[in-house]
Each structure stands twice: as structure tokens, then as C-alpha cells.
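Structure at a glance
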Amino acid sequence: MIVAEGLHKAFNTKTGRIQAVQDVSFRAEDGRITGLLGPNGAGKTTTMRMLYTLMSPDQGRVTVDGIDANEDAAGVRRRLGVLPDARGVYKRLTARENIAYFGELHGLDAGTIAQRTEALSRALDMADILDRQTDGFSQGQRTKTAIARALVHDPRNVILDEPTNGLDVMTTRAMRRFLHGLRDEGRCVIFSSHIMQEVAALCDHIVIIAKGTVMAAGSADELRAQAGESNLEDAFVKLIGTEEGLHA
Amino acid sequence: MSILSTLFTVMRKELRDLSRDRRTLALTLLMGPLLYPILILGMGKLAESRVKSQIDQPLEIPTIGAEHAPNLVRFLAAQGLNATQAPKDLDQAIGDQRIDVALRISDTFEERWREGRPALVEILQDSTRRAADVPTARLKAALQTYNGQVGTLRLMARGIDAQVARPLDVATQDMASAEAKQGMMLSMLLPLLLTITSFLGGAYLVMDTTAGERERQSLEPLLATPAKRSAIVSGKIAAACMVGIASLVLTLVAFKLSAQLSDSSVGRQLNMGLGSMLQMLLVMLPMLLIGTSLLTFLSAASKSMKEAQSHMTWLMLLPMLPSYALLVYPLKSVLWQYAIPFLSQNQMLLKVIRHEHISPTVWAIYLGANLGLAALLWFAAVRRYQQERLAISG
């Protein structure tokens, strides 16, 4: 379970101080897919980075399975599987070597790594690319490799930044099945997207983020009721207050 | 997961990654070993043949006023210095380097010679030109010999023992060891080449694993693992050091092999024993650590590979500084110089090349100071890796 409480984060840029995230709070329960939905530049990636301890919040705190990220960042990271916005698979290594490298960094032994690689390869349908160097992989193949790499240590909590970005329809459907599989195993899955249909199709709980703060949260039905709109798309637009940046 | 096993994991991965990039690996490892021996042996050969041809072969000395001193001209010819007609634009010719050295015998030579007063002969040369050194020295020596001979004869003609006019008998005894003399050429180049190899030998790998990894956006997932950042940095530094050591060993082996194939005197000096080679490796080890740590620190602060590479210009200059500094300000052996990076490598390598004994005190100062600096730079690199903005690519 991942809990964000009152997260704030600001950056200094050339044009001045930008408040990227302002008072973001939500709970992502185990056995549920929590979707962070918001337009581009809404603060989703910054929020995610604070969740996986790459950034520390100016204010507020993150707890993962009850562990405070400020106190035990390494402990939190051990419980997280992270697919960052930047996939960054190593081009000159094979997919299998990419996965094994992260397994070793998580302190797994060779036997466990081989076993996990086998399981993930089956779940993600990547047996045919496992022993190829990732140079020349398609976007989908790279994403699969990055996801397998992120989940090699069998984490209870999974954070995925726009996992379906740039994937074709078939791969997207396979990815959805895979995420549902993770949920059904009782894991806590957080998933960010700027594509409304994506979030609606996948998520049990939706957190709408815009302008760096939480605009609304709840299931798809609850959000529709909250906005007083029968159409989900209209509900989103109403809740965010603008159509800007939201891909329909 | 212990720090050490993370370090080895990261190092193994970086080395494997590099080994897949065959061309870069070959350039990194083989460029020095192939290029440096050719450079050193070739320059040695050139220098040797220049000195040989200028010493043994007869030289033509353009002479003005040769008709005023036929005896002197004959004497010079006997020494292999043949007077020739000087061109009209003699000054210009020396300036243009068409003529190395020339002689002017003054118009009043005959007259003053007959009166037994000093007669003027002038050597014309450009003292800033190395090529003129040997011919000028030969001409000077010949004139001095003639001077001495005629002077002695004149005194004898007046019934005076020539010894009276020589109150001092000045002789120079060269205390430099034979090896030190031979090593002149080597002492200029070898320390510089070895220092550059160890200081910047792993540069590509370091930049690629830090600035490059950041640019390819693989640093963020890497830093999201529970692996300790200090261990990740150390693993990357260790990988670059392995490449650096390999390239140093190959360079030394290449020197050894080419020395055995060459018959020049530079070749003979390069023929180092195993002990010397091991000492050189030990001397270069701290430099390797300093170089890779400094580069890691700089690369981690760079936004892109391009920015990291632009540091190379001033980094290349650092190893050359002591050579130039020593040229204008030669240092005596003082202990503090073994604590100054770059200068100390230069001095330590010179000692090894000259087969001088290196005392334990010097070793202690050298290793202490340089490894201390390496540790400091390593710590700075680790601190950079702890920074939040490092992980954020783009």
C-alpha cells in the first residue's frame, strides 16, 4: 500500500520558482489499480518521482507498506517496482542481461533471477526477444524489457509512469491484461496516464491531477456522479476545469 | 546487499557493456600501445641521426673575408669545416634557416694578426634554433683549438713556457650516471605519455557511464533500485580503472617489445626490467584513480555527453604542466614535490627511468598525498551522485 500525504515540490528554473506539486494526497490500496490521470505537465511524473524516492518532497510524506520514505528510502525502494518515464534500457545488453543486472542490484541470486526472468517473460510474452541486444527494439519491446527489469524482485508495489505510451493496440491490450494480473495477485499498482480511456479501462480508483494538485478522486462512477455528467469525458473536463492537454 | 557486491555488479555490467562496443574498446586499449612506441623510437632515431650527421660529416661554413686568414681557413678545413663563399644576403639566409652558422673574418684581421693583437672573427648564428646547436659548437671548438695552438706557439717563440699563461686548469667531470645521460630523451616523453594514458585513459568509459547514461535516460531507473549510490559510483570508477590498468600494461608491454626490436640507444633505454615496469604501474595507479574520480565528478555535473567532453581541453593540459614548468624552472630533489599531483608522477617516473633508488619515505609521501587526493575526488563524485537533480534526465 502506498500513501501520499500533503506532497509539495517546487523547482527553481530560469524563469523563476515553479510549484510543480502542491498538496497531493491519495491512498493506493493493495489489490487495486490506482490511476493518476492528468494533462501533460500536471505534476504526475514529479509526484511519481517522490513516490519512488528519487526526489524528496519539500513538505508531506510518502509511506510504502508503512515505511516512511524519508526515514528508510532504501527500504521503500526494495518494496517498489518502478517503470520511470525514462525507460533507458541498456542498448548493448540483451533483454535478459538488462533484467539480470537489476536483479543483482536488488541482491537476488542467479537462480532466483533466472526463475523470475522466466515467469516475467511468459507473462509479458517476450520469449523471442529475451536473448537479443535491445538496440533496435521497438517501443513496445523496450517497454516490456523495462517492466520486466522493474519487477524482477517481485515487489508488492508497482509504479508505472505512462506504461502504454507509444504502444500499438495489440501491445496495449496485452499490457492491460498484465496489469490486471498484477492486481489480481494482490499487488498495489499505481499507474499514470494522460489518456482518459486508458485510465477508465484499467483503474479501480482514479486520482485526477491538474495544475500540481488533486482535483478529484474516486471510481469512474463516483467521478461521474461528482461532476453531474453522465459522460466520463465531460466529467473529466469539468473536474479539471479545462480541456487543455487532455488527449481524448 | 553489500556495498562490495553492488560495486562488482556495476563494474561487471559496465565492462560487459564496453566489450560489446568493439571499436571503442580497441581504440581505448590499443591506440596508446601502438602509437607511443612509434613516437618515442621514431623521435629517438631522428635525433640520433641528426647528431650523427652533424658531427661526423664535413660542414660547409659560409665565410666572409676568407682571403684575410688563409691559414685559419686551412686549419678549419682540416677539421672538416669547409669555408664557402658567403651569399650577399647572409643575414637573411640565417633568418630563413638556409644557413645554420656562418663566419665573418674582419677586414683588419691580417693587420692585427701581424701586430700580435687579438684579431676579430665572428660567429653568426640564430641561438634560438636547435638545428644550429651542433654546427655552432663544432665551429667554436675548432676556433678555440686554433686559438690555443697559435697562442702557445707565439709564447714559445718569445721563449716563455706556455703553461705560465694558463693559471687555471679547468676540467669538467660529468657526474650524471650513464643511464641518466641516455635517458634525456626518454625523460621528456615517457612520463608525459604514461601520465596522460593513466589520467585520461578511461575518460571515454567514465563519461559514457555517467553523462552518457544520464543522456540515454537509464540513470533514473538505476538510481530507483535500492543499490547504494556510493557503491554504484565506485563500480563505475572501478570499471574505468580496470580499462586504464589494461591500457597501461599494454603500453608498457608495447614499449618492451618495440625496444627489443629496435637497435637505437632510445630502444636500449626502453628495454625496462620487470621491476621497473611494476614500479611504473604502482606510480601510475593513484593517477588512474585521480583521473577517473575527477572525470566522474565532472561528468555527473554535466547535462550532456557534449558538455562532459568539453572538459577534455584543460584536462589534457594538466599532465603537460610539470614538464613545461620544469623546463623553465628546474627543481632540485625536494620532498614536497612528491606530494604535488602531476609533478610528483613526473619526478617518480624519472627516478624509475634513471634507475635511481626510491626511498620508502618518498614512496610514503607520494602514495599518501596522491591516494588522499583520489579519495577526496571520489568522495566529491559520490556526493554528486547523491544529489536529486542528477537522476533527472533531460
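In case you missed it, the structure is sitting above this.
Counting starts from 1 at the beginning of each chain's written sequence and moves along it residue by residue. Here every chain gets a letter starting at A, and every ligand a number starting at 1, in the order they are written. Since the coordinates come from a predicted model, pLDDT governs what is reported: local features require at least 70, and pairs of side-chain atoms require 80 or more to be given and counted, while whole-chain, interface and lining totals use all residues.

1. Considering the overall build of chain A
Runs of E in the DSSP output that reach at least two residues are strands. Runs of H or I that reach at least four are helices, and both are numbered from the N terminus. Across its full length, chain A carries nine helices and 10 strands. Two things to know: the radius of gyration comes from C-alpha atoms, and the globule rule equals 2.2 Å times the number of residues to the power 0.38. Computed over its C-alpha atoms, the radius of gyration of chain A comes to 18 Å, within 12% of the 18 Å expected for a compact globule of 248 residues. Projecting the C-alpha coordinates of chain A onto the three principal axes gives extents of approximately 50 × 40 × 40 Å. For the purpose of contact definition, each residue receives a C-beta atom placed from its backbone, and two residues are in contact when these atoms lie within 7 Å. At a minimum sequence separation of 6, the contacts of chain A that also span at least 24 residues come to 67%.

2. Structural notes on the interface of chain B and chain A
At the junction of the two partners, chain B supplies 21 residues and chain A supplies 23 residues. Mapped onto the side of chain B that touches chain A, the elements with two or more residues apiece are α1 (3–20), α10 (219–223) and α18 (388–391) of chain B. Per-element accounting of the side of chain B that touches chain A gives the leading share, six residues, to α1 of chain B. Each residue gets one of three labels, nonpolar for Ala, Val, Leu, Ile, Met, Phe, Trp, Tyr, Cys and Pro, charged for Asp, Glu, Lys and Arg, and polar for the others, Gly among them. Looking at the side of chain B that touches chain A, its residues break down into seven nonpolar, six polar and eight charged.

3. As for the environment of methionine 348 of chain B
Residues and elements named next belong to chain B. Positionally, methionine 348 belongs in helix α16 (residues 343–353). Placed 331 residues apart in sequence, methionine 348 and aspartate 17 show a C-alpha to C-alpha distance of 35 Å. Sequence-distant contacts of methionine 348, defined by excluding residues within four places in its chain, comprise Val283, Tyr338 and Tyr366.

4. Structural notes on the packing of helix α8 (residues 220–227) of chain A against helix α9 (residues 232–240) of chain A
Residue and element names in this part refer to chain A. Every axis in this analysis is a line fitted to C-alpha atoms, fitted for helices over the stretch in contact. Angles between the N-to-C directions lie between 0 and 180 degrees. Packing of α8 against α9 brings their axes to within 9 Å, and their N-to-C directions diverge by 65°. Along this stretch, α8 crosses α9, giving a crossing that reads as left-handed. In this structure, α8 uses Ala220, Leu223, Arg224 and Ala227 to contact α9, whose residues at the interface are Leu232, Ala235, Lys238 and Leu239. Each crossing gets its handedness from the near helix: less than a right angle anticlockwise from the far helix is left-handed, clockwise is right-handed.

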